[in-house]
Amino acid sequence: MFTITPTQPNITLPKLPYDLFAAIQSLKQELNAVILAHYYQDPDIQDIADYIGDSLELSRKAANTKADVIVFAGVHFMAETAKILNPHKLVLLPDLNAGCSLADSCPPDAFGAFKAAHPDHLVISYINCTAAIKAMSDIICTSSNSVKIINQIPKDRPIIFGPDRNLGRYVSQQTGRDMVLWQGACIVHENFSEKKIVQLQIAHPEAEIIAHPECEAPVLRHANYIGSTTALLKYSQSSLSQSFIVATEPGIIHQMQKQCPEKQFIPAPPTNNCACNECPHMRLNTLEKLYLAMKNRTPEITLPADIQAAALLPIQRMLEMSV
């Protein structure tokens, strides 16, 4: 009997510095770069970032930065927003495949037809959408400011809200506005298991359940507090409770534990067999990819000029209405 040993191709792996943190800091100085990271990124990326925040906070930082290069550790629509606000700056995303299930659930052609079917409606779009959807919108919002923005719209003005139906439903309840909702959703926030959360609640009766408004209504019904990612972080610090069941992407728990090391944070489980519910798109970014993006000045975010110009106006309206 003959044994055939498969040949392995000669693969040259890129040489990485031993201390990536130091190397990234050096590149940051060399490029005059700023690193923006979302709360859902890996802890290492959060720790090296200049600013950590949710979509609204990071939009503000992107709008006001004096840096020449913006390195956005998040997902594609976030880096697009930074590029829209800084058309002449280099915007890097560590992994171009770091997309968003919610943004993908709202194709521009289909949304354009949906908008055309409601010609008298104001279009308010959650920031978790593509630049093309932003360009079709009148105002952008985030989970932090959505209620505040809707409350500023005249009550006789009909509204399309997209793309997240769960956030739209929650905002409708909070504002009393009857909005037409695009039926999109986030795979992370839709997959929390109500049954498992109740089981956790029984096992940890002292724990408060805190949830993001992108979660489905059955999960939100059990929540002691509902808020944006930043709001959940602030609540975990101010609450007298010493234990929390956290129904959002578990990356935020890194910051919660840093701020309140004496408290317990339990990630809410999804419907599958995983213990927590990580976003597969957010987790495509790694410290190694962030270093290589800065070293090689790529992958770069680019957008068509017409889309970029059209998308800027609703983002600017959001920032003005969020003051």
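Higher on the page you've got the structure.
For clarity, every value in this text was computed on a predicted model and none was experimentally measured. (Residues numbered from 1 in each chain as written. Predicted model: local features only at pLDDT ≥ 70, side-chain atom pairs only at ≥ 80, totals over all residues. Heavy atoms only, no water.)

**Here we look at empty space enclosed by the protein**
Okay, so step 1: A complete count under the given rule lists two cavities of 30 Å³ or more for this structure.
Okay, so step 2: Size it by volume and the largest cavity reaches roughly 260 Å³.
Okay, so step 3: Forming the walls of the largest cavity are 27 residues, and the residues nearest its centre are Tyr40, Met78, Asn128, Glu214 and Met282.
Okay, so step 4: Every element with two or more residues in the lining of the largest cavity is listed here: helix H3 (55-64), helix H4 (76-85), helix H5 (101-104) and helix H10 (187-190).
Okay, so step 5: Here the lining of the largest cavity is composed, by residue class, of 13 nonpolar, 11 polar and three charged.
Okay, so step 6: Estimated volume of the second largest cavity: approximately 50 Å³.
Okay, so step 7: Every residue lining the second largest cavity is listed: Ser55, Leu58, Ser59, Ala62, Phe72, Phe77, Met78, Thr81, Ala82 and Ile127. (1 Å grid on protein atoms, 1.4 Å probe; cavity = no way out; pocket = protein on both sides within 12 Å on 5 of 7 lines; lining within 4 Å. Points joined across faces, edges and corners; volume = space filled by probe spheres on them. Helix = DSSP H or I, 4+ residues; strand = E, 2+ residues; numbered from the N terminus. Nonpolar A, V, L, I, M, F, W, Y, C, P; charged D, E, K, R; others polar.)

**Here we look at the pairing of strand S1 (residues 33-38)**
Okay, so step 1: In terms of residue burial, S1 counts as a mostly covered element, since six of its six residues are buried.
Okay, so step 2: Taking every second residue as pointing to the same face, both faces of S1 are buried, with Ala33, Ile35 and Ala37 on one and Val34, Leu36 and His38 on the other.
Okay, so step 3: With five bridges joining them, S1 and strand S3 (residues 69-73) adopt parallel strand pairing. Following the sheet pairing, Ala37 is matched in S3 by Ala73. (Buried < 20%, exposed > 50% of the residue type's maximum accessible area, 1.4 Å probe, protein only. Pairing = 2+ DSSP bridges.)

**Some thoughts on the pattern of salt bridges**
Okay, so step 1: Here the structure, examined in full by the defined rule, presents eight salt bridges.
Okay, so step 2: Among the ionic pairs, Asp50 bridges to Lys28, the shortest N-O distance being 2.7 Å. In this pair, Asp50 sits in the loop between helix H2 (43-48) and strand S2 (51-53) while Lys28 sits in helix H1 (residues 20-31), placing the two residues 22 residues apart along the sequence.
Okay, so step 3: Judged by its relative accessible area of 32%, Asp50 falls in the partly exposed class.
Okay, so step 4: Salt-bridge contacts for Glu278 lead to Arg283; the nearest nitrogen and oxygen are separated by 3.4 Å. (Salt bridge = Lys/Arg side-chain N within 4 Å of Asp/Glu carboxyl O.)

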